[in-house]
There are 2 protein chains.
Amino acid sequence: MSAGCLNNCPNCKCSKSAIIIGAGLVGSLWAVYLSKAGYKVDVYERRPDMRLTKMSAGKSINLATSYRGWKALDEVGIGDEIRKIAIPMYGRTLHHQNGETKYQPYGNGDQAIYSVSRGEINAKLMSIAEENPFVHIQFNAECVHIDFQQDRAQFRDTLTGEITDTTADVIFATDGAFSAARYHGMQKLDRFNYSQQYIPDGYREILLPANEDGTHKLSLNTLHIWPRGRFMLIALPNFDGSYTCTLFMPFDDDKYCFNNLTSKEKVNEFFAEVFPDFYAMMPNIADLWEDHPLSSLAIIRCFPWTHRKLALMGDAAHATVPFFGQGMNAGFEDCSVMWSLMNQHMDNWPLIFKEYEKLRKPNGDAVQDLSLQNYIVMRDKVADPDFLLLQKIERRLNYLYPDSYFPLYSMVSFTNIEYATAFKKGNEQEGMLKQIIEENSITEATPEEIIDTILHTFIQKNTAL
Amino acid sequence: MSAGCLNNCPNCKCSKSAIIIGAGLVGSLWAVYLSKAGYKVDVYERRPDMRLTKMSAGKSINLATSYRGWKALDEVGIGDEIRKIAIPMYGRTLHHQNGETKYQPYGNGDQAIYSVSRGEINAKLMSIAEENPFVHIQFNAECVHIDFQQDRAQFRDTLTGEITDTTADVIFATDGAFSAARYHGMQKLDRFNYSQQYIPDGYREILLPANEDGTHKLSLNTLHIWPRGRFMLIALPNFDGSYTCTLFMPFDDDKYCFNNLTSKEKVNEFFAEVFPDFYAMMPNIADLWEDHPLSSLAIIRCFPWTHRKLALMGDAAHATVPFFGQGMNAGFEDCSVMWSLMNQHMDNWPLIFKEYEKLRKPNGDAVQDLSLQNYIVMRDKVADPDFLLLQKIERRLNYLYPDSYFPLYSMVSFTNIEYATAFKKGNEQEGMLKQIIEENSITEATPEEIIDTILHTFIQKNTAL
């Protein structure tokens, strides 16, 4: 990958420099972008190089790359590299307590979201970034101080204790939900709005291994959900035949909660009762229960996202709960947006930053609202007959008017309509569909041609759709 | 003041110990309480001893002590000491732009809130606390670390840099809105909910000096307000004839905002136009404009308030904006509540803490909601004819049924009805009064006897009031 700067200098030797704090998904991808623009990029990462060690026992949910993610990856020409490690999921397969399963497509035709392992995609992005000689990732480098007076960042080597004090033309904090750069920098500023709100639910990862012959125990190209009202289990496929599964459930104050699963007996009893088909595939679940930590889930909102030379991107700016599978996609979209502003404003960072936070903050808020809302959909509504009927009508409407009607899920996952617009429009559409169903007394038994007539009439009356 | 422990041991030598972080209003009062219960109390205060230095140019609004504050002070027998430095204010005097003034009583008869200078009451509380030989205040001691593993607190001497690492049976953080103990302790805990939200308004203090003969320039026993819709000026009396005045106004994005007052000319123009009577009393306002800093205002919410041996009290738990004059009162009430739980549960701190945060958190939230709501009342509604009529009817209802009807302002300022209850009930009452006025077409001109008949009828129909 060659470094060509925005100024199109021949044999660019522009001495533009950037610091990126955090070599996670967004930081690594953003390093690729910046190096394309001719920046010398120093990335500082608190953890050791994950590529040199055995992947740590994940407390990470598998990720689902969707349209926004691919757009950002393709924009810097690395989408195909990542596609090699991604498994398409064309819909969700629901597992009911009585053993029945039901498949719901996510979109039309070949529309899919793609299962990737967090570790694998992160490692790949780091390696791609480092192919450019102007990108250097310093591992074991913990951000311990941000000095806004001097626009400097300080890092402590976690192995030697040595302190590095450094600066650059511009500094990006991509160090996640509990961003040290935000904590030591932004959170000390006057008039910085900040909130971290935990939901009552936690999660625990479970690895469902492959069959002995390496094949998958569940159908491959689908996201499996065991919806149970107040809690749920999900499973995303891996290439090696295994599934990364995650149980989401309240910590306490509920019949089914993590704090009640305190012994192997209780874990066995719980799975045998509420996830019998899963339990049959993994009868040793209780023995492996402690393999992965119990983790918490928070929504983190803040503003402003930029100050002087520093900008927050990804989870550092808008960490969300994982229920719409949009955390990584939203972070990658931050890169797309920042990149487009860089091109528009030619490295005028004060202007770029101002526009970036103005454009992206409402969408950061909206992706959080969408994520919270989708938890209810996933754990509860997907098994509700009224919701299923509504979804059926919506899919039909989308099929009949593919260019003018997009369900909320499609707007979020298969377009780059702004999250804030999608959230608003999606909720309006839901109200409208409910009205159509009610006014026309549509049921599961209503013949398709009658539904089609109702939908055609509706669309003709509502050209503004 | 003698130390007698809760266990009533003769010649108590109980080795009970407590650490208090912050010798502000709540910390100093709480030291008095704890010493009464036989605790050896070590108070650590970041700032130097304010009693040894000239009072710093305040960025503190004068305080208004009301019922809850007095209750907490009287409970440990120090109310009368504080009354010596408090000036009763029986109502508010509104100053309109055309020079007219109007007086609105706060309550019935001698009900008043009391103006005290933050510096004076703080100094007094420290001195009272230190009268007990078991209380020691360490100044210039900044909390730099809370170790929940070992239940220890670390302080750095701001003069020598020396670190003290210490512990006690129980630790209280009373170090204000930007509590270092909360920042270094609670905010690093998993599942700690936290939010700091700044309002768009800031404030600047102005000292209106006494007349040359030492008399007050404004009527004494009242809180003066210059309500101007989106902003306001207030003045609270001091003993030396001066008034501590505060201008509350948006920072920016408004015709009248701090960011537009960037020169002496602009300050003069602004005061001459919108506060002509004030400007006449203080024509040199522009010269003194920079004497006090421009400060910001935030609501800080968090939960839990306790963890292991540490509890947050006062602003450290529930910092609010100052518009109901309840910040100090709410903090003092925390002391009352904690004290009553100590007596109930005999130093069983895990139990006391659990009940304390359960009881007080809804009231912390409510005092914040009340404060935000009262800003609108003070800056805008007090000059609105509909609101004035509603207030008049409400005062009459309270006069006719003094034991069964309390206006919101009275519930908050002249009782210790829980803030959460007052907030809920107050808003219900407002709706009810609006309905009475509308249904009976009451106007400013309606004779009192007709209003009385309407109110009597209403009360008879609504015995549940």
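Residues numbered from 1 in each chain as written. Chains lettered and ligands numbered in written order. Predicted model: local features only at pLDDT ≥ 70, side-chain atom pairs only at ≥ 80, totals over all residues. Heavy atoms only, no water.

> Would you mind going over the interface of chain A and chain B in detail, with residue names and values included?
Facing 17 residues of chain A, the contacting portion of chain B comprises 17 residues. For the pairing of chain A and chain B, the buried interface totals around 1,600 Å² over both sides, and the portion due to carbon and sulfur atoms is 38%. Of all residues in chain A, Tyr183, Arg191 and Tyr198 of chain A give up the largest surface area on contact with chain B, accounting jointly for 39% of the area buried on that side. The interface formed by chain A and chain B holds zero salt bridges in total. If one sorts the elements of the side of chain A that touches chain B by residue count, strand β13 (residues 193-208) of chain A sits on top with eight residues. (Contact = heavy atoms within 4.5 Å. Buried area = accessible area lost by both parts, 1.4 Å probe. Salt bridge = Lys/Arg side-chain N within 4 Å of Asp/Glu carboxyl O. Helix = DSSP H or I, 4+ residues; strand = E, 2+ residues; numbered from the N terminus.)

> Tell me about the pattern of salt bridges, and name the residues and values.
Residue and element names in this part refer to chain B. Overall, the coordinates contain 54 salt bridges over all chains when judged by the stated rule. For Glu45, the salt bridge is made with Arg47, and the minimal N-O distance between the two is 2.9 Å. For Glu45, a relative accessible area of 4% gives the class buried. (Buried < 20%, exposed > 50% of the residue type's maximum accessible area, 1.4 Å probe, protein only.)

> With reference to specific residues and values, describe the domain arrangement of chain A.
Segmentation of chain A into domains returns domain 1 (16-86 + 115-196 + 297-374), domain 2 (200-296) and domain 3 (384-461). Centre-to-centre separation of domain 2 of chain A and domain 3 of chain A, based on C-alpha positions: 33 Å. (Domains from an automatic or database assignment.)

> I'd like a description of the pairing of strand β13 (residues 193-208) of chain B, backed by residues and values.
Most of β13 of chain B is tucked away: twelve of the 16 residues are buried. Sheet analysis places β13 of chain A next to β13 of chain B, joined by three bridges and oriented antiparallel. Bridging across to β13 of chain B, Tyr194 of chain A finds its partner in Gln196 of chain B. Strand direction decides the pairing type here: β13 of chain B and strand β17 (residues 294-303) of chain B, joined by nine bridges, are antiparallel. Within β17 of chain B, the residue paired with Asn193 of chain B across the bridge is Phe303 of chain B. Of the strand pairs in this sheet, β13 of chain B and strand β16 (residues 243-250) of chain B are connected by eight bridges, and their pairing is antiparallel. (Pairing = 2+ DSSP bridges.)

> Requested: an account of the sheet that holds strand β9 (residues 141-147) of chain B, with residues and values cited.
All names here are of chain B. With antiparallel pairing, the three strands of this open sheet are ordered in space as β9-β10-β11. Only two strands of the sheet have a single partner each, and these edge strands are β9 and β11 (163-166). Taken pair by pair, the neighbouring strands of this sheet meet at an average axis angle of 25 degrees, ignoring direction. Where strand β10 (residues 152-157) and β11 come together, four bridges link them in antiparallel fashion. Directly across from Phe155, in β11, lies its bridge partner Thr164. (Axes fitted to C-alpha atoms, helices over the stretch in contact; angles between N-to-C directions.)

> How would you sum up the packing of helix α1 (residues 25-36) of chain B against helix α10 (residues 327-345) of chain B? Please name residues and give values.
Residue and element names in this part refer to chain B. Contact pair α1 / α10: the axes reach a minimum separation of 9 Å and the direction vectors enclose 20 degrees. The orientation of α1 with respect to α10, classified from their angle, is roughly parallel. Handedness of the crossing formed by α1 with α10: right-handed. In this structure, α1 uses Leu25, Val26, Leu29, Trp30, Tyr33, Leu34 and Lys36 to contact α10, whose residues at the interface are Met328, Gly331, Phe332, Cys335, Ser336, Met338, Trp339 and Met342. Looking at side-chain class alone, the contact of α1 with α10 contains twelve nonpolar, two polar and one charged residues. (Parallel < 35°, antiparallel > 145°, perpendicular 65-115°, else oblique. Left-handed = near helix turned anticlockwise from the far one by under 90°. Nonpolar A, V, L, I, M, F, W, Y, C, P; charged D, E, K, R; others polar.)

> Can you tell me about helix α2 (residues 67-75) of chain B, naming the residues and giving the values?
Each α-helix turn comprises 3.6 residues. Residues three or four places apart therefore point the same way. Taken residue by residue, α2 of chain B has Arg68, Gly69, Trp70, Ala72 and Leu73 of chain B as its buried positions. At the exit of α2 of chain B stands Gly77 of chain B, carrying a positive phi of roughly 70 degrees.

> Go over unusual backbone geometry, please, and point to the residues and values.
All names here are of chain A. In this structure, the amide linkage connecting Phe303 to the following residue, Pro304, adopts the cis form with an omega of 0 degrees. With respect to the element layout, Pro304 can be found in the loop between β17 (294-303) and β18 (306-307). One non-glycine residue, Asp253, lies in positive phi territory at about 55 degrees. Here the phi dihedral of Ser441 falls at roughly 45 degrees; this positive angle occurs in a residue that is not glycine. By the element assignment, Ser441 lies in the loop between α14 (419-439) and α15 (448-461).

> Account for the environment of Phe324 of chain B, naming residues and giving values.
Residue and element names in this part refer to chain B. Along the chain, Phe324 turns up in the loop between α9 (315-318) and α10. Between the C-alpha atoms of Phe324 and Met378, which are 54 residues apart in sequence, the distance is 9.0 Å. If we skip the residues at most four places from it in the chain, Phe324 touches Leu370, Ser371, Asn374, Tyr409, Val412 and Ser413.

> For the relation of the copies chain A and chain B, give the residues involved together with the corresponding values.
Between chain A and chain B, which share one sequence, the superposing operator has a rotation angle of 180 degrees and an axial displacement of 0.0 Å; the RMSD is 0.0 Å. Classification of the inter-copy transformation places it as that of a two-fold axis. Ranked by how close their C-alpha atoms come to the rotation axis, the residues of chain A are headed by Ser195 of chain A, at 1.9 Å. Of the residues that chain A buries at the interface, 100% are likewise interface residues in chain B, meaning the two copies contact each other through the same surface. (Least-squares fit on C-alpha atoms with pLDDT ≥ 70 in both.)

> Describe the environment of Gly107 of chain A, naming the residues involved and giving the relevant values.
Residue and element names in this part refer to chain A. Secondary-structure assignment places Gly107 in the loop between β6 (101-105) and β7 (113-116). Between the C-alpha atom of Gly107 and that of Pro407, which follows or precedes it by 300 residues, the distance is 8.7 Å. When residues no more than four places from it in sequence are discounted, the contact partners of Gly107 are Tyr90 and Phe414.

> Quick rundown of the nonpolar core? Include the residues and the values.
Counting 153 residues, the largest nonpolar core has Trp30 and Phe172 of chain A together with Trp30 and Phe172 of chain B as its most contacted members. Those residues in contact with Phe172 of chain A that lie beyond four places of it in its chain are Ala18, Ile19, Ile20, Ile21, Trp30, Leu34, Leu310, Ala311, Met313, Met338, Trp349 and Phe353 of chain A. (Core = buried A, V, L, I, M, F, W, Y, C linked by side-chain atoms within 4.5 Å.)

> An account of the sheet that holds strand β8 (residues 135-138) of chain A is needed here, citing residue identities and associated values.
The pairing of strands in a sheet comes from backbone hydrogen bonds and takes either a parallel or an antiparallel form. Residues and elements named next belong to chain A. Spatial strand order, β8-β2-β1-β12-β19-β18: six strands in an open sheet with mixed pairing. Strand pairing shows two members of the sheet lacking a second neighbour, β8 and β18, which therefore form its edges. Each of β1 (17-21), β2 (40-44), β8 and β12 (170-173) touches helix α1 (residues 25-36); the most contacted strand, β1, lies at about 175 degrees to it.

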